[in-house]
Amino acid sequence: MSAARKSAPTKAAQFRVAEGEDPWTEEEVEEIRVELQAEIARMERAIGVAEAGLQDLFADGSDGAGRDPADVGSSNFERDQEMSLAQNAREMLEQAQLAFRMFESGDYGVCESCGRPIGKDRLQVFPGPRCA
Ligand SMILES: [Zn+2]
């Protein structure tokens, strides 16, 4: 255990902080890893739930003939909602996956859009890949 720890480069030392912030500690880095992995799992579940909901809606909503127009309207509304939920979850999953790749490569903490340090305080609230 201790030998493996010694040979692995510490990520804490690589991650950027904003001006005036303390360097990352190993504990803080570990919290970010856990948070990013939890976020990825959460979004994968959310996408699964939204897609299952969509399949149900398509399954019983594909034939509008003979149905009350109000029913058709509300199932269209439900479908739009499920689709935007799925879309949001996909975007959030992509963000989390990108942040995790940057984490793994040691580039974490720098905005992937403008290249400036995002700041540790912000990242601990929202561990995304961009400053805004
Ligand atoms: Zn930026």
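Residues numbered from 1 in each chain as written. Predicted model: local features only at pLDDT ≥ 70, side-chain atom pairs only at ≥ 80, totals over all residues.

Some remarks on the overall build of the protein
And then number 1: Of the regular secondary structure elements, the protein holds four helices and zero strands.
And then number 2: Helices and strands in the protein line up, N terminus first, as α-α-α-α.
And then number 3: Each of the 132 residues in the protein was classed as buried or not, and the buried ones make up 17%.
And then number 4: Residue pairs at least 24 apart in sequence account for 64% of intrachain contacts in the protein once pairs closer than 6 positions are excluded. (Helix = DSSP H or I, 4+ residues; strand = E, 2+ residues; numbered from the N terminus. Buried ≥ 20, exposed ≤ 12 C-beta atoms within 10 Å, placed from the backbone. Contact = placed C-beta atoms within 7 Å.)

Overview of the environment of Met 102
And then number 1: Relative to the helices and strands, Met 102 is located in helix α3 (residues 69-105).
And then number 2: For the pair Met 102 and Glu 112, spaced 10 residues apart in sequence, the C-alpha to C-alpha distance is 8.8 Å.
And then number 3: When sequence neighbours within four positions are dropped, the list of residues in contact with Met 102 reads Asp 107, Tyr 108, Glu 112 and Pro 129.

Here we look at the nonpolar core
The tendency in soluble globular proteins is for nonpolar side chains to be buried side by side.
And then number 1: If you look at the biggest cluster of nonpolar residues, it comprises 14 residues, and the most contacted ones within it are Ile 32, Leu 36, Ala 96, Ala 99, Phe 100, Phe 103 and Tyr 108.
And then number 2: If you list the elements that add at least two residues to this core, you get α2 (26-61) and α3.
And then number 3: For this core, the element with the highest residue contribution is α3, accounting for five residues.
And then number 4: For Leu 36, the residues in contact, after removing those within four places along its chain, are Ala 96, Ala 99, Phe 100, Phe 103 and Pro 127. (Core = buried A, V, L, I, M, F, W, Y, C linked by C-beta atoms within 7 Å.)

As for α3
And then number 1: Across its 37 residues, α3 extends 54 Å between first and last C-alpha, which sits within 8% of the 54 Å expected from 1.5 Å per residue.
And then number 2: For α3, the complete set of buried residues consists of Glu 82, Ala 89, Gln 95, Ala 96, Ala 99, Phe 100 and Phe 103.
And then number 3: Note on α3: the residue one or two positions beyond its end, Gly 106, has a positive phi of about 85°. (Expected span 1.5 Å × (residues − 1).)

Overview of the environment of Glu 35
And then number 1: Within the secondary structure layout, Glu 35 lies in helix α2.
And then number 2: For the pair Glu 35 and Gln 124, spaced 89 residues apart in sequence, the C-alpha to C-alpha distance is 9.1 Å.

A short note on the environment of Asp 107
And then number 1: In this fold, Asp 107 is placed in the loop between α3 and α4 (120-125).
And then number 2: The class of Asp 107 is partly exposed, set by 15 C-beta atoms lying within 10 Å.
And then number 3: Residues Asp 107 and Phe 15 lie 92 residues apart in sequence; the distance between their C-alpha atoms is 6.6 Å.

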